[in-house]
Each structure stands twice: as C-alpha cells, then as structure tokens.
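Geometric and topological summary
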Amino acid sequence: MNEALPALQVLDLRTRYGSREVLKGLNLQVAKGEIFGLLGPNGAGKTTLIRTIAGRIRPVGGAVAIMGRPVSRHSMRRIGLVPQEIALYPHLTAQENLEVFGRLSGLNRSQTQEAVRWAGEAADIEARLGERVEHLSGGWKRRVNIAAAILHRPDLLILDEPTVGVDVDARNGLHEVIKQLSHLGMGVLLATHDLDQAELLCSRVGFLRHGVIAPHGSPRTLIFAAFGNQREIIIELRAAATKPQAEALQRAGFAPSNGNLNWSMMGESNERTVQDLTSALERAGLMTREIRVREPGLDSLFLRLSRDAATAARESEPA
Ligand SMILES: Nc1ncnc2c1ncn2[C@@H]1O[C@H](COP(=O)(O)OP(=O)(O)OP(=O)(O)O)[C@@H](O)[C@H]1O
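Looking up the chain in an unreviewed UniProt entry gives the name ABC transporter ATP-binding protein, with the organism given as Devosia aurantiaca. You can read under Sequence similarities (unreviewed entry) in the UniProt record for the chain the words "Belongs to the ABC transporter superfamily."

A closer look at the environment of H193
In this structure, H193 sits in the loop between β8 (187–191) and α6 (195–201). Take H193: its relative accessible area is 41%, and that puts it in the partly exposed class. It is 30 Å that separates the C-alpha atoms of H193 and S105, two residues lying 88 residues apart in sequence. Non-local contacts of H193, meaning those with residues more than four positions away in its chain, are made with G40, N42, K46 and E161. Side-chain polar atoms of H193 contact the side chain of E161, separated by 2.5 Å.

What about the side chain of S182?
Within the element layout of this structure, S182 appears in helix α5 (residues 168–183). Judged by relative accessible area, which is 6%, S182 ranks as buried. Setting aside its immediate chain neighbours within four residues, S182 contacts G33, I35 and V188.

Focus on the environment of A31
By the element assignment, A31 lies in the loop between β2 (20–30) and β3 (35–39). Separated by 26 residues in sequence, A31 and L5 place their C-alpha atoms 7.5 Å apart. Setting aside anything within four residues of it in sequence, one finds A31 in contact with P6, A7 and G187.

Section: unusual backbone geometry
With an omega of -5°, the peptide bond running from A214 to P215 counts as cis. Within the secondary structure, P215 is located in strand β10 (residues 212–217). Although it is not a glycine, D124 adopts a positive phi angle of roughly 55°. Mapped onto the fold, D124 is located in the loop between α3 (109–122) and α4 (138–149). In this model, E161 sits at a positive phi of 50°, which is unusual for a non-glycine residue.

Remarks on the packing of helix α7 (residues 219–227) against helix α10 (residues 298–316)
Remark: α7 packs on α10, axes separated minimally by 10 Å, with the N-to-C direction vectors making an angle of 50°. Between α7 and α10, the angle is such that the two are oblique. Regarding α7 and α10, the two cross each other, and that crossing is left-handed. Every residue of α10 that contacts α7 at P219, L222, I223, A226 and F227 is listed here: L298, S300, L301 and R304. Residue composition of the contact of α7 with α10, grouped by class: seven nonpolar, one polar and one charged.

Cut-offs used in this document
Residues numbered from 1 in each chain as written. Predicted model: local features only at pLDDT ≥ 70, side-chain atom pairs only at ≥ 80, totals over all residues. Heavy atoms only, no water. UniProt positions renumbered as here; feature names shortened; annotations may be inferred. Helix = DSSP H or I, 4+ residues; strand = E, 2+ residues; numbered from the N terminus. Buried < 20%, exposed > 50% of the residue type's maximum accessible area, 1.4 Å probe, protein only. Contact = heavy atoms within 4.5 Å. Polar contact = N/O pair within 3.5 Å; in protein donor to acceptor, adjacent residues only side chain to side chain. Axes fitted to C-alpha atoms, helices over the stretch in contact; angles between N-to-C directions. Parallel < 35°, antiparallel > 145°, perpendicular 65-115°, else oblique. Left-handed = near helix turned anticlockwise from the far one by under 90°. Nonpolar A, V, L, I, M, F, W, Y, C, P; charged D, E, K, R; others polar.

Below, the structure written as structure tokens:
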C-alpha cells in the first residue's frame, strides 16, 4: 500500500436531492493520521457529504477515493463510520456487541476475537467489555460505538458529532481515543458543531458552506488570516439593550452574538480601551455584568462567516 496516498480524496463532488444541488463541486483531502474537522451551519450538507463518501448516496458528479481507490457500495471495509445515534444492542454486553458486529462484517470466530481485542484496546474500553450496554454511561456507549466501527481497521474513520450530549469528562476521554486512533494511522473526518473541540483536536478544519469547503486550513492559520492580532472584546449586559442603546453599540462596532445581552467586536485592545469602553457604556446607561478580552477562536470565525453570509443575503434581496 502506498503510504503517501491520502486516506480520503474528494474531487469536484456533486450531490443532489431531486433538482436541489447540495454539494456543488466539493474538494477535500484527509491525510493518513490526520484529524480533519468538518464544520458548517445546520443543513449545510455535512451528513450528505458523509453519506456520499460512505457510498450510500450516489453523487451526480465528481469522485471519492479512499487510499487512492474509488469508493463503491462495497468500500465499507476501508471506512469506519460512527453515526450520531448509538447503534448498539442494549441488552448485550459491550464484548457481545462487538462480536456480533465482527461476525456481521464477515470475520470468522478467531478473527473476530482478535479484532475485538484490538478495537477494545484502541478505544480504551477493555475495563467495560463485560458490562451490558444499557448500563453504560453516554460516553462509554460512544466509545463502544467507535470500537464497533474500527473492528476491520479502516483507513478512514468518519465521526458524526461524536460528543453530543456527553459530559465534559467523557468528552475529554473521547478526545483521547480519537487522537489515539489518528496516531495509529487512520485518517479521521470529524463532523462537529463543537468549535472548541475542532480547535483542540484537528490539524485542519474546513467550513462547508454553499456546497463547497471554504475556507479550510489549520485553525491558527484561519483565525490569523481573518483577524490578525486583533482581540475579541465581549460585553455581557445585565439587562437587554434598549433600541437606542443597541443602535449605539452597533455604531461603536459591536454586534449581538447571542441575543441582546451579549455583544462582541474585534479590535485593538489594551487596558485603556477597556477603561474607555466601561465609561462609555456607563454613560449610555448600559449595565454590564462582564467585559472580557480574549484571543479570537474558531467560534469567532464561524460567527464572522455567518454574519457575512447574512449580510450578503440581505444585500442580494430586491429593494
Ligand atoms: N433525503 C433528503 N431529501 C431531500 N433533501 C434532503 C435530504 N436529506 C437532506 N436534505 C436537505 O439537504 C440539505 C443538507 O442536509 P444535511 O443533513 O446533509 O445537512 P447537515 O449539514 O448534516 O445538517 P445538520 O448539521 O443539521 O445535521 C438540507 O437542506 C436538507 O434539508
């Protein structure tokens, strides 16, 4: 096998539901051992892309290759797919679940035993293999789900929102598992709405919008390209801004980030700016709970892209 080949290569992919094109010439490459974060607003087409890569939706154009070989309905041997929903038998133990999946994927008894041992270690669930799935917490169920997806040692692992609804400790544990799998050489495609998670885990991320992935790159590079050395200034108000107050905030460059209580802007910042800002807010009668200054993250970039898209949509509306 040629180690230089990407785990996943997607070229000019087009997928359509009826007359509606959802993927419009999408390109994507994930290297072996890389964790790539697939980001995008609801309905952008992340699930459609995953289903197309897994050979479950036939594209109307373009190509998908895993380790240089085109995908087909039979490519599941090279892909491990971890869906959002837990797909396990609750009354069986974790071990029994993995054995069922091993046999279903065509492994014989001794191959299954070896695969369960390997996947159990890789997903770090050995201590829980004997427990019934219905008694496991959400985080452990997700690990078993991951183990079930890697029994056949795929080249590409696709995870769709792997940490939704799990607590912080379990989320951190899942991050360690995902990193470990990438270190074993799998290319990982991680679809997530959790931008902190993407920033922590992924060497590259891409925003799926308007049917293509753009921008894409390392989180640091993308954030620097968008904001340079600017800082994000965040104000949390004690009471919602009145209409004139909201207009004053907007004139000062702030935009609401989460309802009318939270406002943010990018700018140069030092102690003086914050003092001036505090006085200006008091003069305007705005009661602040907190003013924070922080380095922008992927969430700031996501917000900027969403705002740009909303502005573009407004500007394209007929007057
Ligand atoms: N089977 C289908 N038939 C018709 N339209 C569909 C079908 N599945 C999805 N769509 C539409 O295609 C678009 C992309 O959907 P998709 O589920 O891929 O988005 P997503 O990015 O995964 O969203 P989310 O983050 O909410 O899961 C949406 O507008 C959706 O309504």
